[in-house]
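Now for the letters of each chain:
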Amino acid sequence: MGVLIIVSTWTAHTTRPLEQEEQQLYDHLLNLVQTELPSQLVQRFRALFVDGVGYPDAEIARALDKVVASKLADQEFRYVLNRCCHILINRWQTRPQFQSHIPELVAVFEAAPSRHVFEISRSRSVRRLREQVKTFVESEQYLTLRRLAQVIGEAAESNASGSEPLGGLIRRYPYLYEHCLLAEGSTYEQQQTIQELKFKAQRQYELDLSQYVTYQVRRSQIARSGSLETANRVLQPIKNPTLLSDRELCGALKHYVGRSQGSCSYRDLAQRFTSHTNHIPSFGAFKDSLYQYITASVDPEYGKRQFNNQLYAQLKNTLPENNSQKLNDFLLVRTCSQLLSFLVVESPHKPEHFVFIDLVSNIGPIWATGLLLKIVLICRKVKPYLEKRFSILFSHYESSRRDAVLWLVQAMEHLNVALSTNFSTMDLALINQW
């Protein structure tokens with residue numbers, strides 16, 4: 001399924017109408033992307049936006065000069081340039097043979113200008129352009145483009161490359177896409193492109209996971225009736241689609257899908273709790289029940305140190321003025337979203353996450369993720385909020401070496417498994433035969 005490419009007038013970042021020169025740039029690129037090869041367009045981008053000289057269409061070069069000279073350029077130019085990039089990216093992303101040129105296009109802005117300015121009349125405009133491009137490269141808009149290039153590109157993701165930055169793993173986690181690949185001012189077309197990328201990546205991950213489980217179950221069955229050598233000879237190996245070991249993945253799948261909570265699965269517990277809340281008389285009583293629901297999955301030795309007290313205080317201080325009211329959707333969503341902030345991370349401006357690190361370190365990523373799963377299963381509206389919490393952690397550690405943040409890699413892998421198995425149509429009933 002391809003991304004819908006809309007070639008009409010693009011929506012402006014603000015409510016002001018698009019200026020004529022901006023629209024000239026968009027129309028020019030919309031026309032060229034239909035007719036020229038990506039390699040030609042990458043060279044055009046370098047000449048027009050990076051060098052600032054030697055562009056074959058003088059009228060378009062003059063239009064760009066006017067955009068850069070505008071009083072609004074300091075605020076608006078990064079949005080204009082971002083849209084120019086996405087005109088090409090949206091088109092190329094739908095054609096597999098062109099996708100490799102997307103990282104090339106993004107990398108254009110990191111190279112130094114290759115041509116000197118000899119015309120004195122042009123020097124001021126070119127200097128101003130290069131200043132604006134430098135600002136663009138330091139912006140949130142360019143950061144999301146770089147991430148998008150990593151998602152679409154064929155970046156190496158070897159398990160052994162612990163010295164590589166965490167950011168190179170982004171393509172593995174579709175739940176990060178909407179939060180990490182879209183910046184302020186993103187147009188409807190850009191949002192559609194990212195939604196399509198997310199859908200395809202999630203669908204592929206679920207397919208790979210399902211095929212891997214089927215392979216392991218079949219392998220176990222043959223090994224039990226014959227030998228492991230026979231199983232390895234008869235079956236075509238299926239690669240583990242995660243960064244977890246085979247043993248870790250088997251444990252995670254059985255934990256998130258099977259009856260790991262006594263005689264119940266996570267879904268069973270969530271359904272029971274939701275049914276119970278229908279009879280709870282007040283919001284205050286609901287918070288007491290929620291505390292019991294969550295701590296039931298926490299190791300008692302760990303909980304009694306400080307976690308249970310912290311959790312109780314967090315719930316007690318959540319909207320206390322509503323304690324006597326009947327529970328409603330607003331109170332449920334607010335309580336669960338604030339709980340996720342407490343358990344994972346609050347915001348990009350306050351990225352402290354001591355509670356989450358402590359949870360992962362002490363009860364392990366499988367149980368820490370299970371606590372988060374329990375919350376989103378009783379209030380599915382906060383699933384995007386949980387995904388946003390992880391995007392904040394990802395952004396915070398994006399440039400760190402992978403082997404320095406293994407706890408986060410493990411947590412992101414477990415969340416991928418937990419969400420995919422509980423919020424999809426995958427049938428993993430065979431997992432207990434593995």
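Scroll up for the structure.
If you're wondering where the values come from, they're calculated on a predicted model, not measured in any experiment. (Residues numbered from 1 in each chain as written. Predicted model: local features only at pLDDT ≥ 70, side-chain atom pairs only at ≥ 80, totals over all residues. Heavy atoms only, no water.)

Draft legend 1. Local environment of the overall build of the protein. Summing up its helical and strand segments, the protein has 19 helices and zero strands in all. Its C-alpha atoms put the protein at 80 × 65 × 40 Å along the principal axes. Sequence-distant contacts in the protein: of pairs separated by 6 or more residues, those separated by 24 or more amount to 74%. Accessible surface for the protein amounts to roughly 20900 Å². Of this, 50% is attributable to carbon and sulfur atoms. (Helix = DSSP H or I, 4+ residues; strand = E, 2+ residues; numbered from the N terminus. Contact = heavy atoms within 4.5 Å. Areas by Shrake-Rupley, 256 points an atom, 1.4 Å probe, with all protein chains shown as cover.)

Draft legend 2. Layout of the nonpolar core. Phe109, Phe307, Leu343 and Phe390 are the most contacted members of the largest nonpolar core, which totals 131 residues. With sequence-adjacent residues up to four places away left out, Phe109 is seen in contact with Phe45, Phe49, Val50, Leu81, Cys85, Val133, Phe136, Val137 and Tyr142. (Core = buried A, V, L, I, M, F, W, Y, C linked by side-chain atoms within 4.5 Å. Buried < 20%, exposed > 50% of the residue type's maximum accessible area, 1.4 Å probe, protein only.)

Draft legend 3. Region of interest: the packing of aromatic side chains. Taken as a whole and judged by the stated rule, the model has 16 aromatic pairs. Aromatic side chains Tyr175 and Phe390 sit 6.3 Å apart centroid to centroid with 90 degrees between the ring planes, which places their arrangement in the edge-to-face category. Placement of the pair is Tyr175 in the loop between helix H7 (140-152) and helix H8 (177-180) and Phe390 in helix H18 (residues 383-397), with a sequence separation of 215 residues. Centre to centre, the rings of Phe273 and Tyr293 are 4.5 Å apart; their planes meet at 20 degrees, and the pair counts as stacked. Of this pair, Phe273 sits in helix H12 (residues 266-277) while Tyr293 sits in helix H13 (residues 283-295), placing them 20 residues apart in sequence. The residues Phe273 and Tyr293 share a single accessibility class, namely buried. Three or more aromatic residues joined by ring pairs make a cluster, and in this case those are Tyr173, Tyr175, Phe356, Phe390, Tyr397 and Trp407. Sitting over the ring of Tyr293, Lys374 keeps its end group 4.6 Å from the ring centre. Between the NZ or CZ atom of Lys383 and the centre of the ring of Phe423, over which it lies, the distance is 5.5 Å. (Phe/Tyr/Trp six-rings, centres within 6.5 Å; stacked < 30°, edge-to-face > 60°. Lys NZ or Arg CZ within 6 Å of the ring centre and 35° of its normal.)

Draft legend 4. Region of the structure containing the environment of Leu235. Within the element layout of this structure, Leu235 appears in the loop between helix H10 (228-234) and helix H11 (246-257). In this structure, the C-alpha to C-alpha distance between Leu235 and Ala252, residues 17 residues apart in sequence, is 24 Å. If sequence neighbours within four positions are ignored, Leu235 has contacts with Tyr215, Arg218, Arg219 and Ile222.

Draft legend 5. Seen up close, unusual backbone geometry. Positive phi, close to 45 degrees, is recorded for Leu319, a residue that is not glycine. Mapped onto the elements, Leu319 comes out in the loop between helix H14 (300-316) and helix H15 (329-343).

Draft legend 6. Layout of the environment of Pro103. Relative to the helices and strands, Pro103 is located in helix H5 (residues 101-107). Expressed as a C-alpha distance, the spacing of Pro103 and Ile170, which sit 67 residues apart in the sequence, is 14 Å. Discounting residues that sit within four places of it in the chain, Pro103 has contacts with Ala149 and Gly153.

Draft legend 7. Quick look at empty space enclosed by the protein. Applying the stated rule across the entire model yields two cavities of 30 Å³ or more. When its volume is computed, the second largest cavity comes out at roughly 30 Å³. Lining the second largest cavity are Ala73, Asp74, Phe77, Arg78, Gln132, Thr135 and Phe136. Elements represented by at least two residues in the lining of the second largest cavity include exactly helix H4 (73-93) and helix H6 (120-137). Here the lining of the second largest cavity gets four residues from one element, more than from any other, and that element is H4. For the lining of the second largest cavity, a count of residues per class yields three nonpolar, two polar and two charged. (1 Å grid on protein atoms, 1.4 Å probe; cavity = no way out; pocket = protein on both sides within 12 Å on 5 of 7 lines; lining within 4 Å. Points joined across faces, edges and corners; volume = space filled by probe spheres on them. Nonpolar A, V, L, I, M, F, W, Y, C, P; charged D, E, K, R; others polar.)

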